[in-house]
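A structural walkthrough
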Amino acid sequence: MSVHFVAEVEEIPEGHRKIVQVGKRSIGIFNIRGEYYALLNYCPHYGAELCKGIVSGTTMESKVYEYIYGKDQEIIRCPWHGWEFDIKTGCSLFDEKVRAKRYEVIVQEGRIGLVLGASSSEAKGEQ
Ligand code: FES
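The name that an unreviewed UniProt entry assigns to the protein is Rieske (2Fe-2S) protein, with the source organism given as Paenibacillus spongiae.

The subject of this paragraph is the side chain of Ser 56. Mapping Ser 56 onto the fold places it in strand β5 (residues 54-60). Setting aside chain neighbours within four positions, we find Ser 56 in contact with Tyr 69, Lys 71, Asp 72, Gln 73, Glu 74, Ile 75 and Arg 77.

On to the UniProt feature "domain: Rieske" (unreviewed entry) in the protein, then. Those places that UniProt annotates as "domain: Rieske" (unreviewed entry) correspond, in this numbering, to residues 3-114. Across residues 3-114, helical content stands at 0% and strand content at 51%; the span's end C-alpha atoms are separated by 5 Å.

Read across the open sheet, the 3 strands follow the order β5-β6-β7; overall the sheet is antiparallel. The sheet is open, and its two borders are formed by β5 and β7 (84-86), each paired with just one other strand. When the angles between neighbouring strand axes are averaged without regard to direction, this sheet yields 55°. Across 6 bridges, β5 lies against strand β6 (residues 68-77) in antiparallel orientation. Residue pairing across strands places Thr 58 opposite Gly 70, the latter belonging to β6.

Moving on: a nonpolar patch on the surface. A contiguous nonpolar patch, built from Met 1, Val 3 and Phe 5 and spanning about 280 Å² of accessible area, is present on the exposed surface. The residue Phe 5 is located in strand β1 (residues 2-8) in this model. Classification of Phe 5 as partly exposed rests on a relative accessible area of 31%.

Further remarks concern unusual backbone geometry. Phi angles above zero are rare outside glycine, and Arg 33 is one such case at about 50°. Examined against the element boundaries, Arg 33 turns out to sit in the loop between β3 (25-32) and β4 (35-40). Positive phi values are uncommon outside glycine, yet Tyr 65 reaches one of about 70°. In this structure, Tyr 65 sits in the loop between β5 and β6.

The rules behind the values
- Residues numbered from 1 in each chain as written.
- Predicted model: local features only at pLDDT ≥ 70, side-chain atom pairs only at ≥ 80, totals over all residues.
- Heavy atoms only, no water.
- Helix = DSSP H or I, 4+ residues; strand = E, 2+ residues; numbered from the N terminus.
- Contact = heavy atoms within 4.5 Å.
- UniProt positions renumbered as here; feature names shortened; annotations may be inferred.
- Pairing = 2+ DSSP bridges.
- Axes fitted to C-alpha atoms, helices over the stretch in contact; angles between N-to-C directions.
- Patch = residues over 30% accessible without salt bridge, like charges linked within 9 Å, V, L, I, M, F, W, Y side chains within 5 Å.
- Areas by Shrake-Rupley, 256 points an atom, 1.4 Å probe, with all protein chains shown as cover.
- Salt bridge = Lys/Arg side-chain N within 4 Å of Asp/Glu carboxyl O.
- Buried < 20%, exposed > 50% of the residue type's maximum accessible area, 1.4 Å probe, protein only.

Okay, here's the thing in structure tokens:
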């Protein structure tokens, strides 16, 4: 496991994102209500730059003719074909086995770090 400090907290205000390069990996870091989450900037469908997509919420499970909006600012839509992923978990909205790779984020002394490597807490089922 290794930690790569890639940004200062001031660079990613709440509701914003920053895409960074760590070696060959392009990774998007998102600030959702003060918590940071990171996804590989690579869509598992056809490899689009997922982290450049629109961030929004989604309609939640509800009764017929009822529309409940939730997960505001927690969903990213791939710019190519519109697959949607939960930024917090990396799971797609249509099948939780289809995931964007995610990384653990730590904050130390105002700096944002990505935890990378075999023993990091990268999401299960990733390559
Ligand atoms: S490449 Fe992302 S949905 Fe197709």
